[in-house]
Amino acid sequence: MDLLQPSKTEVDFTTGRLSRADYTIQRKLSDMAAMYADRDEAARILADEGDRLIYEVQGVELPEQEGQIPHCTTRILPGDVGGEFHMTKGHYHARREQGEVYFGLSGRGLLLLQTEAGATSEIEMVAGSAAYVPPFWAHRTVNIGAEDFVFFSVWEARAGHDYGTIERDGFRKLALRRDGEAAVVDNPRYG
Ligand code: M6P
Ligand code: ZN
């Protein structure tokens, strides 16, 4: 295990910008068009309006060693695709036995969780919400507000991201805009 020097990063709560980011990931609609329930609408947006930024992650990178604690911010832009709110790809941890903590910094979000055994859960998040993602729960975040939804995440370095399972099966629940509010409904195409 490497002996690292203590370090500090300033976090802008409104933008999620880190003063010292090792990496920035931008996910656009074209990166995840197939993940939205209404794929036709995703294709129409790409054709008629062009690509759009859905979310951005800035993080502190650490060696993938037991006990290292990577952390990052995520900023999800407001909006929807065919009524389905802008969201992250979502993932299980490659090491299922690793959990994670999310802390809301600004805006309004929904944390969708599910297990492979079929359990689901939704947690509303605002600035100040500390949400716990226990081991074995896949997690996806959704912006259900009119402003950017920004949160801070902390996990164990060996957790790893398993995107493939979600890319194949989707999420069991969808977060849809209904009468201006968020409604969580069953995904008819799950699995
Ligand atoms: C959170 C953490 C990150 C993750 C990010 C975006 O900040 O869980 O590890 O990368 O959300 O989510 P995803 O990787 O599912 O696109
Ligand atoms: Zn995670």
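Residues numbered from 1 in each chain as written. Chains lettered and ligands numbered in written order. Predicted model: local features only at pLDDT ≥ 70, side-chain atom pairs only at ≥ 80, totals over all residues. Heavy atoms only, no water.

**Student:** Honestly, the overall build of the chain in this entry has me stumped. Any pointers?
**Tutor:** Looking only at helices and strands, the chain features three helices and 15 strands. Relative to the globule expectation of 16 Å for 191 residues, the C-alpha radius of gyration of the chain, 16 Å, shows essentially globular dimensions. Taking the principal axes of the C-alpha coordinates as reference, the chain spans close to 50 × 35 × 30 Å. Considering the chain as a whole, with its 191 residues, one finds that 46% of them fall into the buried category. (Helix = DSSP H or I, 4+ residues; strand = E, 2+ residues; numbered from the N terminus. Rg over C-alpha atoms; globule rule 2.2 N^0.38 Å. Buried < 20%, exposed > 50% of the residue type's maximum accessible area, 1.4 Å probe, protein only.)

**Student:** Would you explain the coordination of the zinc ion (ligand 2) in this entry?
**Tutor:** Ideal geometry at a metal gives 109.5 degrees between four tetrahedral donors and either 90 or 180 degrees between six octahedral ones. Protein-derived coordination of the zinc ion (ligand 2) comes from His91 (NE2), His93 (NE2), Glu100 (OE) and His139 (NE2), at a distance range of 2.0 to 2.2 Å. Viewed at the metal, the four donor atoms of the zinc ion (ligand 2) are separated by angles of 85 to 157 degrees, and the geometry they form is irregular. (Donors = N, O, S within 2.8 Å, 3.2 Å for Na, K, Ca; no water. Tetrahedral: all angles 85-135°; square planar, octahedral: opposite > 155°, others 65-115°.)

**Student:** Just to check I follow, could you spell out the sheet that holds strand 1 (residues 23-28) for this structure?
**Tutor:** Taken in spatial order, the six strands make up an open sheet running 1-2-3-12-7-10, and their pairing is antiparallel. Each end of this open sheet is capped by a strand with a single partner; those strands are strand 1 and strand 10 (130-133). Ignoring strand direction, the axes of neighbouring strands in this sheet form an average angle of 20 degrees. As paired elements, strand 1 and strand 2 (residues 53-60) share six bridges and run antiparallel to each other. From the neighbouring strand, Thr24 faces strand 2, where its bridge partner is Gln58. (Pairing = 2+ DSSP bridges. Axes fitted to C-alpha atoms, helices over the stretch in contact; angles between N-to-C directions.)

**Student:** Looking at this model, I keep getting lost on the site of ligand 1. Mind explaining?
**Tutor:** Around ligand 1, the structure places 15 residues, and the nearest of them are Tyr55, Thr74, Glu100, Ser153 and Tyr163. Here an oxygen atom of ligand 1 sits 2.7 Å away from a polar atom, N or O, in the side chain of Tyr102. The side chain of Ser153 places a nitrogen or oxygen atom 2.7 Å from an oxygen atom of ligand 1. Here ligand 1, which alone exposes 370 Å², has 97% of that area covered by the protein. Contributions of two or more residues to the shell around ligand 1 are made by strand 2, strand 3 (71-76), strand 7 (100-106) and strand 12 (149-155). (Near = heavy atom within 4 Å. Polar contact = N/O pair within 3.5 Å; in protein donor to acceptor, adjacent residues only side chain to side chain. Areas by Shrake-Rupley, 256 points an atom, 1.4 Å probe, with all protein chains shown as cover.)

**Student:** Sorry, what's going on with the nonpolar core here?
**Tutor:** The nonpolar side chains of a soluble globular protein tend to be buried with one another. Core analysis: the biggest nonpolar cluster contains 34 residues, and Leu29, Met32, Tyr36, Leu111, Met125 and Val142 have the highest contact counts within it. For this core, the secondary structure elements donating two or more residues are helix 1 (29-32), helix 2 (39-48), strand 2, strand 3, strand 8 (109-114), strand 10, strand 11 (138-143) and strand 12. Residue contacts for Leu111: discarding those within four places in its chain leaves Tyr102, Ser121, Glu122, Ile123, Met125, Ala131, Val133, His139, Arg140 and Thr141. (Core = buried A, V, L, I, M, F, W, Y, C linked by side-chain atoms within 4.5 Å. Contact = heavy atoms within 4.5 Å.)

**Student:** Would you mind showing me how to read the side chain of Ser106 here?
**Tutor:** One can find Ser106 in strand 7. A polar contact of 2.8 Å, which involves the side chain of Ser106, links it to the backbone oxygen of Phe13. Contacts of Ser106, omitting those with residues within four sequence positions, involve Phe13, Thr14, Ala127, Asp148, Phe149 and Val150.

**Student:** Can you help me understand the sheet that holds strand 8 in this one?
**Tutor:** The pairing of strands in a sheet comes from backbone hydrogen bonds and takes either a parallel or an antiparallel form. Strand order in the open sheet formed by three strands is 9-8-11, and the pairing between neighbours is antiparallel. A single partner strand is all that each edge strand has here, and the edge strands are strand 9 (120-125) and strand 11. Averaged over all neighbouring strand pairs, the angle between strand axes comes to 20 degrees, with direction disregarded. For strand 8 and strand 9, the ladder comprises six bridges, and the chain directions are antiparallel. Among the inter-strand pairings, Leu112 is bridged to a residue of strand 9, identified as Glu122.

**Student:** Quick question: what am I supposed to make of the pattern of salt bridges here?
**Tutor:** Here the idea is simple: oppositely charged side chains can pair when their charged atoms come close. Summed over all chains, the structure comprises 17 salt bridges. Residue Arg52 is joined to Glu49 by a salt bridge in which the shortest nitrogen-to-oxygen separation is 3.5 Å. With a relative accessible area of 22%, Arg52 lands in the partly exposed category. The shortest N-O distance in the salt bridge between Glu181 and Arg108 comes to 3.6 Å. Pair noted here: Glu181 is in strand 15 (residues 181-186) and Arg108 is in the loop between strand 7 and strand 8, with a separation of 73 residues, a long-range link. Judged by relative accessible area, which is 31%, Arg108 ranks as partly exposed. (Salt bridge = Lys/Arg side-chain N within 4 Å of Asp/Glu carboxyl O.)

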